[in-house]
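Descriptive structure summary
Listed below, chain by chain, are the residues.
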Amino acid sequence: MDTFEKVEKLREKADVTFEEAKAALEEANGDLLDAMIILEKQGKAETHKETYSTKESRDLVVVDQPEGAGGAKRGNAFTDKLKAIWHKMCENYFVVERGEEVIINIPIWVFVIILLLTWHVTLIVMIIALFFGCRYSFRGADEMKLANDVCDKVSEAADKVKEEVNKL
């Protein structure tokens, strides 16, 4: 097999450009298997294919995985994301304070469940509590600055409304 055929075969199997395949093949001194390994290490070759080689010819043989195999990696990424979200919800807390006293300090996952099950009552109670001096924040391992900024702005807005009502 001449160099052009090897580059074409590598380009087709690895799903890379002609130049990338040629550079990898040159780096591997014309060995298709080594060139494929180089491309995989560089993150350029598709990893959803398994590669095999025979010792005699060192030609690259590519076998597609069954249809479910590619979805398994996406499934793992999804479950990994869910695990990360769950971990954040367990190590961070929703806090309700009035003055210096902490009234409620619950994991975020508990707060989310309460909101999902009783959102209509919970939101009304939270709004009323703002007018009685309650403040909300999120604390824990993560900074959650954006969420805390929103809580501060809501508290400030409630204070302004309360001042306007007191003026009447």
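So, a few notes on the structure that sits alongside this text. Everything quoted here is computed from the prediction, not taken from an experiment.

Now for the packing of aromatic side chains. This model, assessed by the stated rule, comprises 5 aromatic pairs. Ring plane angle 40° and centroid distance 5.6 Å describe the contact between Trp86 and Trp109, whose orientation is recorded as tilted. Taken together, the residues Trp86 in helix H4 (residues 67–91) and Trp109 in helix H5 (residues 108–131) connect sequence positions 23 residues apart. For Trp109, a relative accessible area of 31% gives the class partly exposed. Residues Phe94 and Tyr136 carry aromatic rings whose centres are separated by 5.7 Å and whose planes lie at 20° to one another, so their mutual orientation is stacked. Residue Phe94 is located in strand E3 (residues 92–98), and its partner Tyr136 is located in strand E5 (residues 134–140); the two are separated by 42 residues in the primary sequence.

Here we come to the packing of helix H1 (residues 3–14) against helix H3 (residues 32–41). Packing of H1 against H3 brings their axes to within 11 Å, and their N-to-C directions diverge by 40°. As judged from the angle between their axes, H1 and H3 are oblique. H3 is crossed by H1, and the crossing has right-handed handedness. In this structure, H1 uses Lys6, Lys9, Leu10, Lys13 and Ala14 to contact H3, whose residues at the interface are Leu32, Ala35, Met36 and Leu39. Its residues placed into classes, the contact of H1 with H3 shows 6 nonpolar, no polar and 3 charged.

The next subject is the sheet that holds E3. Across the sheet, 3 strands lie side by side as E4-E3-E5; this open sheet has antiparallel pairing. Of all the strands in the sheet, just strand E4 (101–107) and E5 have a single pairing partner and so form its edges. Averaged over all pairs of adjacent strands, the angle between their axes in this sheet comes to 25°, without regard to strand direction. With 6 bridges connecting them, E3 and E4 associate as antiparallel partners. Note on E4: the bridge partner recorded for Tyr93 is Pro107. Sheet contacts for H5: E3, E4 and E5; angle to E5, the most-contacted strand, approximately 155°.

The next point concerns the pairing of E3. Within E3, 5 of the 7 residues are buried, leaving the element largely enclosed by the surrounding structure. Two elements, E3 and E5, share 7 bridges in a ladder whose sense is antiparallel. Paired with Glu97 across the strands is Arg135, a residue of E5. The turn linking E3 back onto E4 is made up of 2 residues, and Gly99 within it adopts a positive phi angle of 70°.

Here helix H2 (residues 18–27) has its buried residues at Ala21, Ala24 and Leu25. Angularly, the buried residues of H2 cover 100° about the axis, an arc narrow enough to put them on a single face. Turned more than 90 degrees off the buried face of H2, the exposed positions are Glu19, Glu26 and Glu27. In this structure, the buried side of H2 is in contact with H1 and H3. Note on H2: the residue one or two positions beyond its end, Asn29, has a positive phi of about 55°.

If you trace the backbone, Thr122 turns up in helix H5. Of the polar contacts made by the side chain of Thr122, one reaches the side chain of Thr118; its length is 2.8 Å. Look past the residues within four positions of Thr122 in its chain and what remains in contact with it is Ile114 and Leu115.

A separate point is the layout of surface pockets. Approximately 200 Å³ is the volume attributed to the largest pocket. Along the walls of the largest pocket sit Phe94, Val96, Ile104, Ile106, Phe111, Ile114, Thr122, Val125, Met126, Ala129, Cys134 and Tyr136, which together make up its complete lining. For the lining of the largest pocket, the elements supplying multiple residues, two or more each, are E3, E4, H5 and E5. By residue number, the principal contributor to the lining of the largest pocket is H5, which donates 6 residues. Roughly 160 Å³ of volume is contained in the second largest pocket. Lining the second largest pocket are Phe94, Phe111, Leu123, Met126, Ile127, Leu130, Tyr136, Phe138, Val150, Cys151 and Val154. Only H5, E5 and helix H6 (145–167) provide two or more residues apiece to the lining of the second largest pocket. Broken down by element, the residue count for the lining of the second largest pocket peaks at 5 residues, all from H5. For the lining of the second largest pocket, a count of residues per class yields 11 nonpolar, no polar and no charged.

The rules behind each value
- Residues numbered from 1 in each chain as written.
- Predicted model: local features only at pLDDT ≥ 70, side-chain atom pairs only at ≥ 80, totals over all residues.
- Heavy atoms only, no water.
- Phe/Tyr/Trp six-rings, centres within 6.5 Å; stacked < 30°, edge-to-face > 60°.
- Helix = DSSP H or I, 4+ residues; strand = E, 2+ residues; numbered from the N terminus.
- Buried < 20%, exposed > 50% of the residue type's maximum accessible area, 1.4 Å probe, protein only.
- Axes fitted to C-alpha atoms, helices over the stretch in contact; angles between N-to-C directions.
- Parallel < 35°, antiparallel > 145°, perpendicular 65-115°, else oblique.
- Left-handed = near helix turned anticlockwise from the far one by under 90°.
- Contact = heavy atoms within 4.5 Å.
- Nonpolar A, V, L, I, M, F, W, Y, C, P; charged D, E, K, R; others polar.
- Pairing = 2+ DSSP bridges.
- Arc of directions from axis to C-beta.
- Polar contact = N/O pair within 3.5 Å; in protein donor to acceptor, adjacent residues only side chain to side chain.
- 1 Å grid on protein atoms, 1.4 Å probe; cavity = no way out; pocket = protein on both sides within 12 Å on 5 of 7 lines; lining within 4 Å.
- Points joined across faces, edges and corners; volume = space filled by probe spheres on them.

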